[in-house]
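Understanding the architecture of this molecule
Single-letter residue listing:
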Amino acid sequence: MREVSVIGVGITPFAKYRDKTLADIGWPAVKAAIEDAGVEKKDIEAAYCGSALGGMMSGQRVMKQLGITGLPITNIENACSSSSSAFRQAYISVAAGVYDVALVMGVEKLTKFGGGTLPLEKEDFEVTHGLVMPALYGMRARRYMHDYGLTEEQLAGVAVKAHKHGALNPEAQFRNEVTLDEVMNARQIAEPFTLLHCCPSGDGASAVVIASAEKARQYTTSPVRVACSEVNSGKYMTGFRDMTTPEITVRGAKQAYEEAGIGPDDVDVAEVHDAFTIAELLYYEALGFCDKGDAAKLLEDGETSLGGRIPVNPSGGLLSKGHPIGATGTAQIAEVVRQLRGECGDRQVDGAKVGLTHCTGGGISGFDHGACSIHIFSV
Amino acid sequence: MAQTAEHTEAHVLLAGESVRNESDGSVRLVGGRCDDCGTLFFPSAHVCPECMSEAVAAADLANDGTLYSWSVVHVAPRGWNTPYIAGYVDLSDGIRVFAHVTGTDASLLEMDMAVSLTTAILGDDDGVPVESYAFTPVKG
């Protein structure tokens, strides 16, 4: 397998684009990534598009706007992990020597559903019985609070931190800071979550251009190395499971660190899947940033804030930057790549050399999560 | 708050073959048990997720368990009676079931408390009551 580098990234800022088509939400991110990479349209040998709810041929619909057609375009659905899973497919194809240059995008338009909780698969037994994503995470939170003494104030602190970072990101959906009181007194969604404990619904796109390390040098003097690329599915369990331990992330993190030849202490910056406040705390532990039960302390000590030991979600994360499902994976990658290139301005993690992205996708019965993708990048 | 189900009028029955009505008005959850490897699972399926055997027979599940966790849901798709309590119940035979928790105020719930099977009206489908199984705290 060959070394692979990221040579360009682009984002369509996450927002509500009710009057735009999926294609028109998607192409600006793709164009920005191509321009950032400095590649010609004809240099792109294959494209992979992640979208959870975009409908048929999302990738082709976006790419035709830019006249990039005729190449192999593959559409990939893996819920919230759609574009991170697409990234892995592109990575494998370049690493294997099938292509030298490939494009990955994620695109989503959730405003077409009119708001409310994310529409889930109606064939699923628990979904037919009223399971919604905030309730699933709410139950994780309730159990964690009971087992580890987490308080509602500590939980709300995750949202405060997310918005503090997001306020520094011009591409975030929410760029306002929030207070603990505002988080705790917002309207109830699924207890213990108020609205500000939940990522917003929205639209957006993100794109990444990758190349073999050898080819990358033709285009850029600042390639970002893909140190590992990993996707797992959850394990189906009909019996009891510990909802305070996201097993798929624990398993994936172990594989990712082994593949990259590093440990959690070597990570300088991470973008993790904070769809709800509790998720970020669970992932501190699952990714090895702290021991089990110590996540709230890690947050309170400022270790995961900008300036701390391991800043998590400097972009604002899903809670503040937004979460157009399929677009999130490559948006996380775009953020980490920019961090490693030192381009993040007020939210820059000083001296970041190693970055991690983590994206899970759930919403079906019997799984902790249906999918989880972890990537590690380095310069 | 969901009400106790009335069996005298038309209902949309959510759980279908996963619930059996007994002659005394009570209900049983019905899962699947693999005839070949003995794995018990819920809801049932036409193939065993452990050994892929298609010899799966209906199996009554325990009607008592403990509340693993819960969330009071205020925002849900149209049709559900909100707020409702969503929970995971760990049955005494080792199966975890997602269920609405009814017949109680959420403030009275406790982690790992004993709950038992019941039925409830959980919402409506264009005016027709939607009924399914639910769990309620064991009194006393």
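Please read all numbers here as calculations on a predicted model, not as lab measurements.

1. Some words on the nonpolar core
All names here are of chain A. In this structure, Ala102, Val104, Val208, Val209 and Ile210 are the most contacted members of the largest nonpolar core, which totals 157 residues. When residues in this core are grouped by element, the largest group, nine residues, is from helix 1 (residues 22-37). Here Val208 is in contact with Val6, Gly8, Val9, Ala33, Phe87, Val104, Thr330, Ile333 and Ala334, once residues within four sequence places are set aside.

2. A closer look at the packing of helix 6 (residues 152-166) of chain A against helix 10 (residues 277-286) of chain A
Residues and elements named next belong to chain A. In the contact formed by helix 6 and helix 10, the axes pass within 8 Å of each other and the chain directions differ by 95°. Viewed along their axes, helix 6 and helix 10 adopt a mutual orientation that is roughly perpendicular. Of the residues in helix 10, those in contact with Leu155, Ala156, Val158 and Ala159 of helix 6 are Thr277, Ile278, Glu280 and Leu281. Across the contact of helix 6 with helix 10, the residue classes tally to six nonpolar, one polar and one charged.

3. Remarks on the interface of chain A and chain B
Note: interface size is frequently given as the accessible area lost on complex formation between the parts. Listed by partner, the interface residues are 24 residues for chain A and 28 residues for chain B. Those elements giving two or more residues to the side of chain A that touches chain B turn out to be helix 4 (125-128), helix 5 (133-148) and strand 5 (188-190) of chain A. For the side of chain A that touches chain B, the element with the most residues is helix 5 of chain A, which contributes six residues. Among the residues making up the side of chain A that touches chain B, the classes are represented as ten nonpolar, ten polar and four charged.

4. Description of the sheet that holds strand 8 (residues 224-233) of chain A
Residue and element names in this part refer to chain A. Pairing is mixed across the open sheet formed by nine strands, whose spatial order is 3-2-4-7-1-8-11-10-9. Pairing within the sheet leaves two strands with one partner each, and these edge strands are strand 3 (73-76) and strand 9 (269-271). Averaged over all pairs of adjacent strands, the angle between strand axes in this sheet comes to 20°, irrespective of strand direction. In this fold helix 9 (residues 247-260) packs onto strand 8, strand 10 (354-361) and strand 11 (371-378), with an angle of close to 150° to the strand it touches most, strand 8.

5. A closer look at the domain arrangement of chain A
Residues and elements named next belong to chain A. In terms of domain boundaries, chain A breaks down into domain 1 (4-113 + 202-226) and domain 2 (125-199 + 228-378). For domain 1 versus domain 2, the distance between C-alpha centres works out to 23 Å. Facing 40 residues of domain 1, the contacting portion of domain 2 comprises 35 residues. Looking at the side of domain 1 that touches domain 2, the elements with two or more residues in it are strand 1 (4-15), helix 3 (82-95), strand 4 (101-109), strand 7 (203-212) and strand 8. For the side of domain 1 that touches domain 2, the per-class residue count stands at 21 nonpolar, 15 polar and four charged.

6. Considerations on the packing of helix 3 of chain A against helix 13 (residues 328-340) of chain A
When two helices pack together, their arrangement is given by the angle between their axes and by how far apart the axes lie. All names here are of chain A. Packing of helix 3 against helix 13 brings their axes to within 5 Å, and their N-to-C directions diverge by 70°. When the interaxial angle is binned, helix 3 and helix 13 end up roughly perpendicular. Where helix 3 approaches helix 13, its residues Ser82, Ser83, Ser84 and Phe87 are matched on the opposing element by Thr328, Gly329, Thr330 and Ile333. Classifying every residue of the contact of helix 3 with helix 13 gives two nonpolar, six polar and no charged.

Cut-offs applied
- Residues numbered from 1 in each chain as written.
- Chains lettered and ligands numbered in written order.
- Predicted model: local features only at pLDDT ≥ 70, side-chain atom pairs only at ≥ 80, totals over all residues.
- Core = buried A, V, L, I, M, F, W, Y, C linked by C-beta atoms within 7 Å.
- Buried ≥ 20, exposed ≤ 12 C-beta atoms within 10 Å, placed from the backbone.
- Helix = DSSP H or I, 4+ residues; strand = E, 2+ residues; numbered from the N terminus.
- Contact = placed C-beta atoms within 7 Å.
- Axes fitted to C-alpha atoms, helices over the stretch in contact; angles between N-to-C directions.
- Parallel < 35°, antiparallel > 145°, perpendicular 65-115°, else oblique.
- Nonpolar A, V, L, I, M, F, W, Y, C, P; charged D, E, K, R; others polar.
- Pairing = 2+ DSSP bridges.
- Domains from an automatic or database assignment.

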